[in-house]
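Structural overview
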Amino acid sequence: MAALAAPAAGTPSRSIRRAEFLRVFNLRTITVLFYLCLGVVLPRFIPFLAFEFDLNSVSSTFKFLRQNLISGVTVLATIAAVRALVVGRGWSRTRSLVVGISCVGAAAIVSAAFRLLAFGVPLELFPSRWPWAIGVWFLWTMIGGMGFALIHFVQEDEDARRALDEESITQEALTAQMTQARLSALQAQIEPHFLFNTLANVKRLYETAPARGREMLSSLIGYLRAALPTMRQSGSSLRRELELARSYLTILQMRMGERLGFSIEAPDALLDAEVPPLVLGTLIENALKHGLAPLPEGGTIVIRALRDGDQLRIEVHDTGRGFYGQGGSGVGLANTRSRLAALYGSSAALQLAANYPSGVVASVVLPLAARERTDHRLAQEVSA
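Figured I'd write up the structure that's included with this text.

Here is what the cut-offs are and how they apply
- Residues numbered from 1 in each chain as written.
- Predicted model: local features only at pLDDT ≥ 70, side-chain atom pairs only at ≥ 80, totals over all residues.
- Heavy atoms only, no water.
- Helix = DSSP H or I, 4+ residues; strand = E, 2+ residues; numbered from the N terminus.
- Buried < 20%, exposed > 50% of the residue type's maximum accessible area, 1.4 Å probe, protein only.
- Areas by Shrake-Rupley, 256 points an atom, 1.4 Å probe, with all protein chains shown as cover.
- Pairing = 2+ DSSP bridges.
- Axes fitted to C-alpha atoms, helices over the stretch in contact; angles between N-to-C directions.
- Contact = heavy atoms within 4.5 Å.
- Parallel < 35°, antiparallel > 145°, perpendicular 65-115°, else oblique.
- Left-handed = near helix turned anticlockwise from the far one by under 90°.
- Lys, Arg positive; Asp, Glu negative; His and termini not counted.
- Salt bridge = Lys/Arg side-chain N within 4 Å of Asp/Glu carboxyl O.
- Polar contact = N/O pair within 3.5 Å; in protein donor to acceptor, adjacent residues only side chain to side chain.

1. What about the overall build of the protein?
Along the protein, the regular secondary structure elements total ten helices and seven strands. Within the protein, the proportion of its 384 residues that are buried is 35%. Only carbon and sulfur atoms are counted for the fraction: they give 63% of the accessible area of the protein, which is about 22,500 Å².

Next up, the structure:
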């Protein structure tokens, strides 16, 4: 026996059509319909209820309300059925409105027949009630047509907003992927360049000063040992970034000699904090290239990590030439700001300030992970 054919691609399933039906025909819309029918009924019977308040008047009011509810529920169910039919068909707005209002008109005629049956009118007398049926048809076709158009426009607007939100989420995901791709490309460019330059220096030192060559090679091995395990990962820790910074600066110190001094200060409680890779390296490279390298005497770099409330602050102090006469386009810092904005939004920042008596202080402010904040609070409670 042949298997049942699967639904065609793009065809909404029964659950989607059911959800679209219930999106229109639900307790909220039925409640609105009840008050609408009440608004149709009361203007007709309020004068009688005011001047001749008896059980017959009250009974007539409720009967007329019931009759209008029959028409209203029939028309509302038809609107919901048409909306479920239209979903996923890609119809134009005009076609959807024409089909919807036509079905509402047919439902209004059917509701008139239901109301005659509810009144107990025999079927053979239906033709004699055509003037009344035309009035019911006209009234509920107008009400139902306007209701269908209103629901159609509102849901069309909601669908457009939802599609726009989904597009925005997709765009943000693509932006994050592009940022990560640019980071990977930057890593792929920096690593060979730095490695080849260092190996060239190691070779030169082994020919002129073997002891310093061995020391530089040892520092390079330490750098690679820290970098290689997570070289292609998007996350890192303060401990790992500081290890990379120490090995990197040690290698450069061997190349620059007495022109470069550095120190690293960070409390143990912050070493496991999550930080994005290459951010600290970019700040160090910027301090070396624009601050210390242009000066014949070089200078000093101090790296500090400290807690600032619920944020982690990483500072790179240099004693270079400062903001005066700086060259370069600042592409590295601009890319760092873009990465921080993509990863943390407004919760992270890159700040530059003057260092006294000379140089620049570059600071990166990052949100601390929830685990780090919890550990800090527990430590405060224990110390208290």
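So much for the structure itself; the text now carries on.
2. Some points on the sheet that holds strand β6 (residues 349–354)
The strand order across the open sheet formed by five strands is β2-β4-β5-β7-β6, and the pairing between neighbours is mixed. Two strands bound the open sheet, and with one partner strand each, they are β2 (260–265) and β6. If you compare each strand with its neighbour and ignore which way they point, the axes differ by 15° on average. Strand direction decides the pairing type here: β6 and strand β7 (residues 360–367), joined by six bridges, are antiparallel. Each residue of the ladder has a partner; that of A349, found in β7, is V365. Taken strand by strand, helix α7 (residues 238–256) contacts β2, β4 (299–308) and β5 (311–318), and its axis lies near 165° from that of β2.

3. Topic: the packing of α7 against helix α8 (residues 279–292)
Axis separation between α7 and α8 bottoms out at 10 Å; the angle between their running directions is 25°. In terms of orientation, α7 lies roughly parallel with respect to α8. The two elements α7 and α8 meet at a crossing, and its hand is right-handed. Residues E241, L242, A245, Y248, L249, L252 and M256 of α7 touch α8, and the partners they reach there are L280, I284 and L288.

4. Let's talk about the side chain of E315
Tracing the backbone through its elements, the reader meets E315 in strand β5. Although E315 lies buried, it forms no salt bridge, and the closest oppositely charged side chain, R313, sits 4.2 Å away as judged by the N-O distance. Within the structure, E315 has its side chain in polar contact with the side chain of H317 (distance 2.9 Å).

5. Examining the pairing of β7
Counting buried residues in β7 gives seven out of eight residues, a clear majority hidden from the surface. Pairing between β5 and β7: seven bridges, direction antiparallel. Residue pairing across strands places E315 opposite S363, the latter belonging to β7. Linking β6 back to β7 in an antiparallel pair, the connection comprises five residues, with G359 at a positive phi of about 100°.

All quantities given are derived from atomic positions and should not be read as evidence of function.
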